[in-house]
Protein chains: 2
Amino acid sequence: MRADAQRNYDRIVEAASEAVARDGAEASLEEIARRAGVGSATLHRHFPNRWALMSAVFHGRTEGLCERAGELETAPDPHEALVTWLRELAAYSATARGLAAVLLAEPLQQSESCGAMLVTAGERLRLRAVEAATVRPDVSIADLLTLVNAIALAAEKTGPAEAARLVSLAMDGISAHPQTR
Amino acid sequence: MRADAQRNYDRIVEAASEAVARDGAEASLEEIARRAGVGSATLHRHFPNRWALMSAVFHGRTEGLCERAGELETAPDPHEALVTWLRELAAYSATARGLAAVLLAEPLQQSESCGAMLVTAGERLRLRAVEAATVRPDVSIADLLTLVNAIALAAEKTGPAEAARLVSLAMDGISAHPQTR
DNA sequence: GCAGAAGCGGGGGGCCACCCCACTTATTGT
DNA sequence: ACAATAAGTGGGGTGGCCCCCCGCTTCTGC
């Protein structure tokens, strides 16, 4: 990639970050291009569709969440670590309007994508919890991420607190006496 | 309402139903108006925004789900009845692309809305399950509907089967031994 | 049957995503 | 240093969208 192309790429992502923070994932691509000081054609060449741009925007934040997963790997309680991480993911997704939609929209297994990063990071936490026998082994990390993202998406209007509450609910299960069934 | 206005209203809803079945909730409003044989202004007069139209489109289906809830009220196992109903709701939402988004978008307590109908219908099933002590009393029907709709929204790409599976997962809880925590 | 109001829809404005193509600019081999 | 070249650029065009204005049509109560 040529140096000027790289510079334009970075400027677009930066402008997009600001726009998304203000207007959510439905921000105008044209305005992003205008603020970045590039033509709209340049934006569309670098990012063939809206999701591609959003994916780039959220890449940094996603890395932060993966680092957090690394920290939690050494936590004493594996189950608590997994739940905490998922709750943080939900809270962040609910704040960064559009992240949840992006994660759900793109195929989860596509490498280099935000989703793939979260899968590999989360899988370790899940494995630890399964080994500790606090999580059913037939529940995949994809299941958990989909569930959490779904909740974040639904809670975008109601706020991060509600999102975290629903995550806890789903994790504990809503049944009063699950062992009797 | 004048007779011709009513006729146009019905034709718009019918055209919208077909369009939604084909293209999902993002169907073109202009094309819906065209197919209904009315001007776009008429469509926008009857339905001030997209959600209003979608709400009308899904009204009939929602009534069907409410009837189903009525049937399930006499089922022998209250817990199974609740879970079955929620699973059916999820499966239908995942099929009727956009229903979930509509239910999440409109305020749940607004009377006459699809959401309100589901709340009253589902509340009875939930109460029966609470009385049978198989569901925690602090879980509201709004919690359950939000959770199920969130899952349906997330599973729109993967299909109804996956949606039903995730609902079961959330209801059972993903923990291996919930009673130990 | 008629007056008035309720309803209608063509057309236009503003905005959008996306594409085409003539022009500019960085890179590379000599 | 410099020319050849391939990569990159952005202005403008296209088609579509939502929504609104306003003169015209059609229904309804008397």
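Residues numbered from 1 in each chain as written. Chains lettered and ligands numbered in written order. Predicted model: local features only at pLDDT ≥ 70, side-chain atom pairs only at ≥ 80, totals over all residues. Heavy atoms only, no water.

Let us now look at the overall build of chain A. Counting its secondary structure elements, chain A contains nine helices and zero strands. When the elements of chain A are put in sequence order from the N terminus, they spell out α-α-α-α-α-α-α-α-α. For chain A, the C-alpha atoms occupy an extent of roughly 60 × 35 × 25 Å along the three principal directions. Scored against the burial criterion, the 181 residues of chain A give a buried share of 50%. Sequence-distant contacts, at least 24 apart, represent 66% of the contacts inside chain A between residues at least 6 apart. On chain A, roughly 8500 Å² of surface is accessible, and the fraction owed to carbon and sulfur atoms is 52%. For chain A, the separation between the mean place of its 19 positive charges and that of its 24 negative charges on side chains is 5 Å. (Helix = DSSP H or I, 4+ residues; strand = E, 2+ residues; numbered from the N terminus. Buried < 20%, exposed > 50% of the residue type's maximum accessible area, 1.4 Å probe, protein only. Contact = heavy atoms within 4.5 Å. Areas by Shrake-Rupley, 256 points an atom, 1.4 Å probe, with all protein chains shown as cover. Lys, Arg positive; Asp, Glu negative; His and termini not counted. Charge placed at Lys NZ, Arg CZ, Asp CG, Glu CD.)

Before going further, it helps to spend a moment on the protein's contact with DNA strand D. The immediate surroundings of DNA strand D are formed by 22 residues, with A:Arg2, A:Asn8, A:Thr42, A:Arg45 and B:Ser28 found nearest. In the environment of DNA strand D, a phosphate oxygen lies 3.3 Å from a nitrogen or oxygen atom belonging to the backbone of B:Ala3. Between DNA strand D and B:Glu30 there is a distance of 3.4 Å, counted from a base nitrogen to a side-chain nitrogen or oxygen. Those elements that place two or more of their residues in the surface near DNA strand D are helix 1 (3–23) and helix 3 (40–46) of chain A together with helix 1 (3–23), helix 2 (29–36) and helix 3 (40–46) of chain B. Here the surface near DNA strand D gets five residues from one element, more than from any other, and that element is helix 3 of chain A. Split by residue class, the surface near DNA strand D holds six nonpolar, nine polar and seven charged. (Near = heavy atom within 4 Å. Polar contact = N/O pair within 3.5 Å; in protein donor to acceptor, adjacent residues only side chain to side chain. Nonpolar A, V, L, I, M, F, W, Y, C, P; charged D, E, K, R; others polar.)

Now for helix 9 (residues 160–172) of chain A. Helix length check: helix 9 of chain A (13 residues) gives 18 Å between terminal C-alpha atoms against 18 Å at 1.5 Å per residue, within 8%. Immediately downstream of helix 9 of chain A, the backbone of A:Gly173 shows phi near 85°, a positive value. (Expected span 1.5 Å × (residues − 1).)

Bringing the nonpolar core into the picture now. If you look at the biggest cluster of nonpolar residues, it comprises 120 residues, and the most contacted ones within it are A:Ile32, A:Phe58, A:Trp85, B:Ile32, B:Phe58 and B:Trp85. Apart from the residues lying within four places of it in its own chain, the contact partners of A:Ile32 are A:Ile12, A:Ala15, A:Ala16, A:Ala19, A:Ala27, A:Leu43 and A:Leu53. Counting six residues, the second largest nonpolar core, distinct from the first, contains A:Ala100, B:Ala100, B:Ala152 and B:Leu153. (Core = buried A, V, L, I, M, F, W, Y, C linked by side-chain atoms within 4.5 Å.)

Bringing the packing of helix 7 (residues 114–131) of chain A against helix 8 (residues 141–154) of chain A into the picture now. Residue and element names in this part refer to chain A. For the pair helix 7 and helix 8, interaxial distance at closest approach is 9 Å and the crossing angle is 110°. Here helix 7 is positioned roughly perpendicular relative to helix 8, judged by the angle of their axes. As for how helix 7 packs across helix 8, the hand of that crossing is right-handed. Of the residues in helix 8, those in contact with Leu-118, Val-119, Gly-122, Glu-123 and Arg-126 of helix 7 are Ile-141, Leu-144 and Leu-145. Residue classes in the contact of helix 7 with helix 8 are distributed as five nonpolar, one polar and two charged. (Axes fitted to C-alpha atoms, helices over the stretch in contact; angles between N-to-C directions. Parallel < 35°, antiparallel > 145°, perpendicular 65-115°, else oblique. Left-handed = near helix turned anticlockwise from the far one by under 90°.)

The subject of this paragraph is the pattern of salt bridges. Residues and elements named next belong to chain A. Here the structure, examined in full by the defined rule, presents 22 salt bridges over all chains. The salt bridge partner of Arg-68 is Glu-71, with a shortest N-O separation of 3.1 Å. Placement of both Arg-68 and Glu-71 in helix 4 (residues 50–72) is noted, with a separation of three residues, approximately one turn of the helix. You can call Arg-68 partly exposed: its relative accessible area is 26%. (Salt bridge = Lys/Arg side-chain N within 4 Å of Asp/Glu carboxyl O.)

This part covers the packing of aromatic side chains. All names here are of chain A. Evaluated as defined, the whole model comprises two aromatic pairs over all chains. Here Tyr-9 and Phe-47 contribute two aromatic rings whose centre-to-centre distance is 5.0 Å and whose plane-to-plane angle is 35°, an arrangement assigned as tilted. Remark: Phe-47 occurs in the loop between helix 3 and helix 4 and Tyr-9 occurs in helix 1; sequence separation between them is 38 residues. (Phe/Tyr/Trp six-rings, centres within 6.5 Å; stacked < 30°, edge-to-face > 60°.)

Worth remembering: the numbers are spatial, not functional.
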